[in-house]
Amino acid sequence: MDRNEFRVLIKYCFLMEKNTVEAKQWLDKHYGDSEPGKSTVIDWYAEFKSYRSSTDEAESSGRPKSAVVPISEGSVFRILLENLGMASYFRSAAFAHTGPANKASTIQSAV
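What counts, and at which threshold
Residues numbered from 1 in each chain as written. Predicted model: local features only at pLDDT ≥ 70, side-chain atom pairs only at ≥ 80, totals over all residues. Heavy atoms only, no water. Core = buried A, V, L, I, M, F, W, Y, C linked by side-chain atoms within 4.5 Å. Buried < 20%, exposed > 50% of the residue type's maximum accessible area, 1.4 Å probe, protein only. Helix = DSSP H or I, 4+ residues; strand = E, 2+ residues; numbered from the N terminus. Contact = heavy atoms within 4.5 Å. Phe/Tyr/Trp six-rings, centres within 6.5 Å; stacked < 30°, edge-to-face > 60°. Axes fitted to C-alpha atoms, helices over the stretch in contact; angles between N-to-C directions. Parallel < 35°, antiparallel > 145°, perpendicular 65-115°, else oblique. Left-handed = near helix turned anticlockwise from the far one by under 90°. Polar contact = N/O pair within 3.5 Å; in protein donor to acceptor, adjacent residues only side chain to side chain.

**Points about the nonpolar core**
Listed in full, the ten residues of the largest apolar core are Phe6, Leu9, Ile10, Cys13, Ala23, Leu27, Val41, Trp44, Tyr45 and Phe48. When contributions to this core are tallied by element, the ones reaching two or more residues are helix H1 (3–15), helix H2 (20–31) and helix H3 (38–49). With residues near it in sequence (within four places) discarded, Leu9 still touches Met1, Trp26, Leu27 and Tyr31.

Below you can see the structure in the form of structure tokens.
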């Protein structure tokens, strides 16, 4: 049996006013090892008590595509420097006057 069929059986037990222990015992008796676990029965009873009528899986929203924001390497580097408290060091006059070739070595030595 698939999961949705077991949910229908759990709902049947719920509507027959069986408690979770009785429902679990009934499922064990009729379906053996393939029945859902105790926590699954308890969770679905809680769902049905909160007026859920469907036994289908609820759709999960997931992460919306609009939440993905492209970040450049420069902004990641800036965020890291600020979080490490090193931003003021790299804003200093000594770093500002260093040539492009020496900036990489200055950064590596600072890290």
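Read on for the rest.
**Section: unusual backbone geometry**
Even without being a glycine, Glu17 presents a positive backbone phi close to 60°. Positionally, Glu17 belongs in the loop between H1 and H2.

**A short note on the packing of aromatic side chains**
Taken as a whole and judged by the stated rule, the model has six aromatic pairs. Ring geometry for Tyr12 against Trp26: centres 6.0 Å apart, planes inclined by 45°, an arrangement best described as tilted. Of this pair, Tyr12 sits in helix H1 while Trp26 sits in helix H2; the two residues are 14 residues apart in sequence, bridging distant segments of the chain.

**Concerning the packing of H2 against H3**
Running from N to C, H2 and H3 point in directions that differ by 130°, and their axes come no closer than 10 Å. Relative to H3, H2 is oriented oblique. As H2 packs across H3, the resulting crossing turns out to be right-handed. Here Thr20, Ala23, Lys24 and Leu27 of H2 lie close against H3, whose contacting residues are Lys38, Val41, Ile42 and Tyr45.

**Focus: the side chain of Lys24**
Topologically, Lys24 is positioned in helix H2. Looking at Lys24, the relative accessible area reads 15%, which means it is buried. Side-chain polar atoms of Lys24 contact the side chain of Asp28, separated by 2.9 Å. The contacts of Lys24, once residues within four sequence positions are left out, are Glu35, Pro36, Gly37, Lys38 and Val41.

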